[in-house]
Amino acid sequence: MELAGVSRSLLNLNTYPSNEISTSSPMNPTIFDRSIIPPTHPSSLFPQISRCKSIKQFTQIHAQFTKTGLIFDPLAAAEILKFLSLSNHRDLNYAHKFFAQMREPNCFSWNTIIRAFAEIDDNDIYSLEALLLFHQMRIDGVVEPNRFTFPSVLKACAKTARVEEGKQIHGSVVKLGLESDEFVLSNLVRMYVMCGIMEDAHKLFRNHVYGSNNVVLWNVMIDGYVRIGDIISCRQLFDKMPQRSVVSWNAMISGYAQNGCFKEAIELFHDMLMRNESPNYVTLVSVLPAISRLGALELGKWVHLYAEKNEIEIDDVLGSALIDMYSKCGSIEKSIQVFELIHNKTNPITWNAITGGLAMHGRANEALDYYKKMQKTSVKPTDVSYIALLCACSHAGLVEKGRSLFNHMVNIAGLEPRIEHYGCMVDLLGRAGHLDEAEQLILNMPIQPDDVIWKALLGACKMHGNIEMGERVATILMELFPNDSGSYVALSNMFASRGNWDGVAKVRLKMKEMDIRKDPGCSWIEVNGMIHEFLVEDDSHPRANEIHSMLEEISEQLRLFDYRAKTREVLLRMDEEEKESVLHYHSEKIAIAFGLISTSPQTPLLIVKNLRICEDCHSSIKLISKIYNRKIVVRDRKRFHHFENGVCSCMDYW
């Protein structure tokens, strides 16, 4: 049987008894006589191995070593195993068979083969093989593991979440007196962290390194708390670190961003810069999602410029993050520029970023054009690609195109629809008024609908005035998700729209009994690099008096243009004047007022809002953009609205 071009007979180490291989073999004294070999690195003794360019070339050298008996030199065998296991041309199947035929491999060889299997990413089978090899090493008992053995074995445990095996290996570490070895200890702590056993990880950390300068272990612990979402413990550790590396800052910034603490992530990034710490590639990738969520365009531009000035490669990953940032910060043209400058566009994530950005801005036809370009470049669309495209169709009312894309995804591309795809289809159909079709799609879904899907239908019911279906959907939501305020508020609003104030009172009483509170409207605006946050009827800002005066001026200007507030949006039992006052202090209007008094004339304003923009704000902001000759961009929970000269980019379809 042939093995990679070398016959088994050539690999059969059992053909020579081990006692025939000595340091003074007459076979070739210039090789086996240790007294005449200079004390140098093994790889320099066998340069023909390190110079190999392929496995095919290596098999010729292997055959030559076997034929001359050089294969029995322990250093030569170790170099062969190293090449097969760890080089760029590695072949683990070949390496494993070679190792299996080695006579009494030393600790270096055991470590090499275990490390080779443990380091293969995203393959649990290889990691399990590493554990089996370690088990075999312990059963053989000829060679004791050392400080270089355990990191690889512990890594295999971590990747496969084998915490029980990890604990047994921990016991071996203690017996061999290696628990205090920093190299072993950091991997031991990482194993517990990756397995989610933070209590044991913290115990080890506290007993051995708490207060020490072992920055690696501190970073491992921070990463562990990020993984379980304990951002408070994470920050406490970060603040106590005796010293920090750029990895420490990256872990903390990424941790904030991953757990929705976007403002804190940006504040920490600012702190990093103030301390003259140099951000690297990972820092930029970590902070850009937080910048995107808060719409901090100026800071995003600075990050982009920093990458260019410091020659940080804007590859597909960083490029995709920049595309996403610019699109979510309202600058879709800049997103397109970044996309076009990326050289390697083979990653579907990059294409998804640009199509998703165009979809958010209501530029459906352009998103569909990029989808066609993606296909022409032989980049295979992913399920995320279709989410972006279906969203684009939904925002533009392209019902037939949306149906066609959904069918293509399932029947041609062979992709299994996710909950998000069904959500997009329900939103698409609902906005276009196909409420019955949307409801049937939900009822016939092969997966359980979530709250997002039911809310999409509920929003469509409100939009098209289908109170009967709306009440039915709201009731379903309240039963399935009893602590979500959205369904209660929607049902209350529907009762109010019909003048059913008893129904409103019952819903609000139930909310009070269950301590369910409506999410307050909140808007952000970036001015001079600082993020300013405003809530509904917010008067906490240092410039509150000036903002209030500006709001009064805006109201007066709107009256001069004969604008009448859309008081039907206020579904509360109060008179018209009170309703107008409520609308007057919506958070996006407060943010716009602040922007008008804080920036020079004709400066564009970008507002980010946590909820959907209401009809009154949408109508009034159109007029404000004309009165004050400002381009005003509002990103609500669903999409972008570009207001300019009295017109919105959504064409009043949102």
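This text goes with the structure placed above it.
Sequence order as written defines residue numbering, which begins from 1 separately in each chain. For this predicted model, a pLDDT threshold of at least 70 governs which residues receive local features, and a threshold of 80 or more governs which side-chain atom pairs are given and counted, while totals over whole chains, interfaces and linings are taken from all residues. Hydrogens and waters are ignored; side-chain quantities use all the structure's heavy atoms.

**What about the sheet that holds strand β3 (residues 522-527)?**
Now for step 1: What the six strands build is an open sheet, ordered β4-β3-β5-β6-β7-β8; its pairing is mixed. Of all the strands in the sheet, just β4 (530-535) and β8 (647-648) have a single pairing partner and so form its edges.
Now for step 2: Strands are treated as partners if at least two bridges between them are detected by DSSP. The way it works is that DSSP assigns letters per residue, a run of H or I at least four long becomes a helix, a run of E at least two long becomes a strand, and they are numbered from the N terminus. Sheet topology note: the strand β5 (residues 605-609)/strand β6 (residues 632-635) ladder contains four bridges and is parallel. Bridge assignment links Leu 606 to a residue of β6, and that residue is Val 633.

**Here we look at a positive patch on the surface**
Now for step 1: Like charges are joined within 9 Å and nonpolar side chains (Val, Leu, Ile, Met, Phe, Trp, Tyr) within 5 Å, but only among residues with over 30% relative accessible area and no salt bridge; these make up the patches. Throughout, the Shrake-Rupley method with a 1.4 Å probe supplies accessible areas, and for residues the shown protein chains are the sole cover considered. The term salt bridge refers to a side-chain nitrogen of Lys or Arg lying within 4 Å of a carboxyl oxygen of Asp or Glu. Working convention for charge: Lys and Arg count positive, Asp and Glu count negative, and His plus the chain ends are omitted. To locate a charge, take atom NZ for lysine, CZ for arginine, CG for aspartate or CD for glutamate. Positive charge collects at one region of the surface, where Lys 372, Lys 373, Lys 376 and Lys 401 lie side by side.
Now for step 2: No other element matches helix α23 (residues 364-376), which puts three residues into the positive patch.
Now for step 3: Positionally, Lys 401 belongs in helix α25 (residues 399-411).
Now for step 4: On the accessibility criterion, Lys 401 (34% relative accessible area) is partly exposed. Throughout this description, buried means an accessible area under 20% of the type-specific maximum (1.4 Å probe, protein chains only), exposed means over 50%, and partly exposed covers the range between.

**A look at α23**
Now for step 1: For a helix, the expected span equals 1.5 Å multiplied by the residue count minus one. In this model α23 runs 19 Å from its N-terminal to its C-terminal C-alpha over 13 residues, within 8% of the 18 Å that 1.5 Å per residue would give.
Now for step 2: For α23, every residue scored as buried is listed here: Ala 364, Ala 367, Leu 368, Tyr 370, Tyr 371 and Met 374. When α23 is viewed along its axis, its buried side chains cluster within an angular range of 155 degrees and face the same direction. Pointing more than 90 degrees away from the buried face of α23 are the exposed residues Asn 365 and Lys 376.
Now for step 3: In what follows, residue pairs with any heavy atoms lying within 4.5 Å of each other are defined as contacts. The inward-facing, buried residues of α23 contact α21 (332-341), α22 (348-360), α24 (383-396) and α25.
Now for step 4: Among the residues trailing α23, Ser 378 stands out with phi positive, at a value near 65 degrees. Arc definition: directions from the helix axis to the C-beta atoms.

**Focus: the packing of helix α8 (residues 107-118) against helix α10 (residues 150-160)**
Each pair of packed helices can be summarised by the angle the axes make with each other and by the distance between the axes.
Now for step 1: Whenever a helix is involved, its axis is fitted only over the stretch in contact; in every case the axis is a line through C-alpha atoms, and angles between N-to-C directions fall within 0 to 180 degrees. Two elements in contact, α8 and α10, have axes whose closest approach is 9 Å; the angle formed by their N-to-C orientations is 25 degrees. Classified by the angle their axes make, α8 and α10 are roughly parallel. As for the relative orientation of α8 and α10, their crossing is left-handed in sense. Of α10, the residues touching α8 (which contributes Ile 114, Arg 115 and Ala 118) are Ser 152, Val 153, Lys 155, Ala 156 and Lys 159.
Now for step 2: Note that Gly is not counted as nonpolar here; it falls among the polar residues with everything else outside the nonpolar set of Ala, Val, Leu, Ile, Met, Phe, Trp, Tyr, Cys and Pro and the charged set of Asp, Glu, Lys and Arg. Of the residues in the contact of α8 with α10, the class split is four nonpolar, one polar and three charged. An angle below 35 degrees is read as roughly parallel, one above 145 as roughly antiparallel, one from 65 to 115 as roughly perpendicular, and any other as oblique. If you view the pair so one helix is near and one far, a crossing is left-handed when the near helix is turned anticlockwise from the far one by less than a right angle, and right-handed when it is turned clockwise.

**Some details on unusual backbone geometry**
Now for step 1: In the Ramachandran plot, Asn 528 falls in the positive-phi region, its phi being about 55 degrees despite a non-glycine side chain.
Now for step 2: By the secondary structure assignment, Asn 528 is in the loop between β3 and β4.
Now for step 3: With a relative accessible area of 74%, Asn 528 lands in the exposed category.
Now for step 4: One non-glycine residue, Gln 602, lies in positive phi territory at about 70 degrees.
Now for step 5: Position of Gln 602 among the secondary structure elements: in the loop between α34 (587-598) and β5.

**A closer look at the packing of helix α17 (residues 262-274) against helix α18 (residues 281-294)**
Now for step 1: In contact at an axis separation of 8 Å, α17 and α18 are set at 135 degrees when each is read in the N-to-C sense. Considered as vectors, α17 and α18 are oriented oblique to each other. Between α17 and α18 the crossing geometry is left-handed. Across the interface between the two elements, Phe 262, Lys 263, Ala 265, Ile 266, Phe 269 and Met 272 of α17 pack against Thr 283, Val 287, Ala 290, Ile 291, Arg 293 and Leu 294 of α18.
Now for step 2: Each residue belonging to the contact of α17 with α18 can be placed in one class, and the counts come to nine nonpolar, one polar and two charged.

**Section: α17**
Now for step 1: The terminal C-alpha atoms of α17, which comprises 13 residues, lie 19 Å apart, in line with the 18 Å expected from a rise of 1.5 Å per residue.
Now for step 2: Residues of α17 that are buried: Phe 262, Ala 265, Ile 266, Leu 268, Phe 269 and Met 272. Axial view of α17: buried residues confined to an arc of 160 degrees, hence all on one face.
Now for step 3: Of the surrounding elements, those touching the buried residues of α17 are α15 (231-240), α16 (246-258), α18 and α19 (297-309).

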